[in-house]
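The primary structure of each chain is shown beneath.
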Amino acid sequence: MPAPTTSPPLWLLTASLLTGIGLACAPDEVKTTLRTTVRDLLRPGQMAVTGGREWTSNHYESFRIRWLAAEPPSGLGTDDKIRDERLRQLQAENVWLREQLRHSKSVAGAIRSTEPLLVPDVVEARVLGTETVQRLRRAARSILGSGGRDGIEGAALVLAGKSSQIDVGEDSQLHVDHLILAGCTVAGKVGEVGRYTSTLLPITDKQYRGLARLARSAGSGLEFGAEGILEGDGGDGCRLNFIQSTEPVSVGDSLYTSVTDGSLSVPLLYGTVVAAELPPGAPHWSIQVKPAADLSKLRRVQIVRTQPNPLRLNAH
Amino acid sequence: MRVWHLIVITYISFVAQSSLASAFEIGGVQPNFVVMGFLLLVPRVSGRAALLMAAVWGLLSDSLANSHAGIDVVCFALAAFVLWHLQRGALGQTTVGRILLLAPSAFVVLCVSRIAREVLSGAMSPLALMLKETAKIAGFTAACGALTLLLIAFRFRQSETTSLLPDVRNRWKMLTQ
């Protein structure tokens, strides 16, 4: 079939150019609404593609082992990862228990401590893909498969998915929500929220900011140190700012979220200090942090949202 | 080409770009399925349809970007206008000619879009580095587009050959009569 020969009219070209310029000058709310609408429309196709990739990946591995007599993957790396996760989970639970003990000792007599009004809850979301256009050397932000319909709000913490199931003992006295969150690594925050999708602002993004505390392992668990502001460097790492020069900092220290930031009472892991310099005469340390979460391999994440405490609601 | 064909190809291109492009990454370079689909479709539609399609694709591409909106609407519209006329020339009459036009077209579209975004953001990366990175992406995109064009050309040639073969039933009927 021969190609159509009607030439493009100049008035339509002018209208298109004016539309582009108009869109560039439009208010941010209009641009945000347009972006979230387009992402929501693409969600069904993206869910089909990511579901297909997961199914193919899972079945290919079992096919290789069963029919091609391939060696099963060595469990060493996986076992180490599970052990590290369990260690972080126990350390975080330890911190929470010590806080509870300290608080109960400070309350006199038979006065019972009040339950918090809001408690955290998690929503699991699949990573559907990434944004299509990015500037040079800027990582594209991921698109998540949950949005406002699931109660997701902007700036909610996003945690990397766990590699192992949580072992909840029947005699555990801890809240289930804290067990879910304890030991998790922070991948970033929710950026733009649509009805069915949202975007992930990774901790390495230049726009990311969060309160963070230094910590190191001691005999009795985690010893927390100075608190600062974590921000992304726009590449693969982060910087921890506003740590006074008088505070002790060393390479290998861990970085956790501050429990005073929001409704969370368990610290979540940001990453590890990989470089710490104190220029002569400088008031603050220059600290480089390597994220604990592998942001390039995220397939599923957990989004932290707050909800009213059922115990407080039932008490009335 | 019918309207619903365009709608389906549009949806598939953008889903592929956002969800599948990372699976095709080689040496840190990913193809751009949106630009590839756009460059392959423009010569196959009328001029008016090409500009409308460019505006819609540019709008969708801007919506999936994490930087300034409106840039891709302008880039795609201009690219559609120029490319439509180029494809009507001598180069656009053969499959080889169309393939040769792919790489420079992809490079120009991607370059203009990236440079505009960098300038508007106020933090310009080194131009040489930007051109080099864009050339890699444009090359990969053009290679994917060339493969698609060759497959389409091969498929159409096969269907033409099949239709030229004589119908055996007619021949038998002619012999027996």
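Residues numbered from 1 in each chain as written. Chains lettered and ligands numbered in written order. Predicted model: local features only at pLDDT ≥ 70, side-chain atom pairs only at ≥ 80, totals over all residues. Heavy atoms only, no water.

Glancing now at the overall build of chain B. In terms of helices and strands, chain B carries 7 helices and 0 strands. Secondary structure elements in chain B, listed N-terminal to C-terminal, are α-α-α-α-α-α-α. Looking at chain B as a whole, 45% of its 177 residues are labelled buried. Considering only intrachain contacts with a sequence separation of at least 6, the fraction spanning at least 24 residues in chain B is 62%. Surface accessibility of chain B: about 9300 Å² in total, with carbon and sulfur atoms responsible for 70%. (Helix = DSSP H or I, 4+ residues; strand = E, 2+ residues; numbered from the N terminus. Buried < 20%, exposed > 50% of the residue type's maximum accessible area, 1.4 Å probe, protein only. Contact = heavy atoms within 4.5 Å. Areas by Shrake-Rupley, 256 points an atom, 1.4 Å probe, with all protein chains shown as cover.)

Per the counting criterion, the structure on display carries 0 disulfides over all chains. Just so you know, Cys-144 of chain B is unpaired, no disulfide at all, and the nearest cysteine sulfur is the one on Cys-111 of chain B, 18 Å from it. (Disulfide = S-S within 2.5 Å.)

All names here are of chain A. Overall, the prediction assigns chain A a mean pLDDT of 79, with 74% of residues at 70 or greater. Scored below 50 in pLDDT, residues 108–112 makes 0 contacts in the model with residues more than four places away or belonging to other chains. Here residues 163–179 is a poorly scored stretch, pLDDT under 50, and it has 24 contacts once near neighbours within four places are set aside; other chains count. (pLDDT = per-residue confidence, 0-100.)

All names here are of chain B. With the rule as written, the count across this model stands at 13 salt bridges over all chains. Between Asp-62 and Arg-117 there is a salt bridge, with the nearest N and O atoms lying 2.9 Å from each other. Here the residue Asp-62 occupies a position in helix H3 (residues 47–63), and Arg-117 occupies one in helix H5 (residues 95–121), the gap between them amounting to 55 residues. The exposure class assigned to Asp-62 is buried, which follows from its relative accessible area of 1%. (Salt bridge = Lys/Arg side-chain N within 4 Å of Asp/Glu carboxyl O.)

Quick look at the confidence of the model for chain B now. Low-pLDDT portions of the prediction should not be read for the details of their coordinates. Residue and element names in this part refer to chain B. With 88% of its residues at a pLDDT of 70 or more, chain B shows a mean pLDDT of 83. Model confidence for chain B, summarised as mean pLDDT per element, is weakest for helix H7 (residues 168–176) at 56 and strongest for helix H1 (residues 3–20) at 92. Predicted complex, confidence summary: ipTM 0.81, pTM 0.80.

Another point: the interface of chain A and chain B. Taken together, the contacts link 44 residues of chain A with 48 residues of chain B. The junction of chain A with chain B conceals about 4000 Å² of combined surface from both sides, 66% of it contributed by carbon and sulfur atoms. Here chain A is connected to chain B by 0 salt bridges. Ranked by the residues each element gives to the side of chain A that touches chain B, the list is headed by helix H2 (residues 28–67) of chain A, at 13 residues. (Buried area = accessible area lost by both parts, 1.4 Å probe.)

With that settled, consider the sheet that holds strand S4 (residues 186–193) of chain A. Residue and element names in this part refer to chain A. A barrel is described by the order of its strands in space; here 6 strands give the closed sequence S1-S2-S5-S4-S3-S12, paired in antiparallel fashion. Each adjacent strand pair in this sheet contributes to an overall mean axis angle of 45°, direction not counted. Where strand S3 (residues 157–160) meets S4, 3 bridges bridge the pair, whose relative direction is antiparallel. Residue pairing across strands places Val-158 opposite Gly-188, the latter belonging to S4. On the sheet, H2 packs against strand S1 (118–130), strand S2 (142–144), S4, strand S5 (198–202) and strand S12 (300–308) and is oriented at approximately 75° with respect to S1. (Pairing = 2+ DSSP bridges. Axes fitted to C-alpha atoms, helices over the stretch in contact; angles between N-to-C directions.)

This part takes up helix H2 (residues 33–41) of chain B. Residues and elements named next belong to chain B. Across the 9 residues that make up H2, a large majority, 9, are buried. Listed as buried for H2 are Phe-33, Val-34, Val-35, Met-36, Gly-37, Phe-38, Leu-39, Leu-40 and Leu-41. The distance from a side-chain oxygen at the start of H2 to the backbone nitrogen of Val-34 is 3.2 Å, and the residue carrying that oxygen is Asn-32. (Polar contact = N/O pair within 3.5 Å; in protein donor to acceptor, adjacent residues only side chain to side chain.)

A few words now on the pairing of S5 of chain A. Residue and element names in this part refer to chain A. Of all 5 residues in S5, 5 are buried, a share of seventy percent or more. Sheet analysis places S2 next to S5, joined by 3 bridges and oriented antiparallel. Within S5, the position partnered with Leu-144 by the bridge is Ser-198. Of the strand pairs in this sheet, S4 and S5 are connected by 4 bridges, and their pairing is antiparallel. Within S5, the residue paired with Val-193 across the bridge is Ser-198. Between S4 and S5, which follow one another and run antiparallel, lie 4 residues.

The next point concerns the sheet that holds strand S11 (residues 286–291) of chain A. All names here are of chain A. Ordered by their spatial adjacency, 6 strands build a closed barrel running S6-S7-S8-S11-S10-S9, and the pairing between neighbours is antiparallel. Neighbouring strand axes in the sheet, compared pairwise and without regard to direction, differ in orientation by 45° on average. As paired elements, strand S6 (residues 209–218) and strand S7 (residues 221–232) share 9 bridges and run antiparallel to each other. Bridging from a neighbouring strand, Arg-213 pairs with Glu-227 of S7.

Looking now at the packing of aromatic side chains. Taken as a whole, this structure holds 6 aromatic pairs over all chains when the rule is applied. Relative to Trp-57 of chain B, the ring of Phe-38 of chain B has its centre 6.4 Å away and its plane inclined at 45°; by these criteria the two rings are tilted. Taken as a pair, Phe-38 of chain B in helix H2 and Trp-57 of chain B in helix H3 lie far apart in primary sequence, 19 residues in all. With respect to class, Phe-38 of chain B is no different from Trp-57 of chain B; both count as buried. Considering the side-chain rings of Phe-38 of chain B and Phe-76 of chain B, the 4.7 Å spacing of their centres and the 40° angle between planes classify their relative orientation as tilted. Residue Phe-38 of chain B is found in helix H2, and its partner Phe-76 of chain B is found in helix H4 (residues 71–87); the two are separated by 38 residues along the sequence. A relative accessible area of 2% means that Phe-76 of chain B is categorised as buried. A network of ring pairs unites the aromatic residues Phe-14, Phe-38, Trp-57 and Phe-76 of chain B as a single cluster. Sitting above the plane of the Tyr-208 of chain A ring, Lys-189 of chain A keeps its charged end 5.2 Å from the centroid. Sitting over the face of the ring of Phe-224 of chain A, Arg-213 of chain A holds its NZ or CZ atom 4.0 Å from the ring centroid. (Phe/Tyr/Trp six-rings, centres within 6.5 Å; stacked < 30°, edge-to-face > 60°. Lys NZ or Arg CZ within 6 Å of the ring centre and 35° of its normal.)

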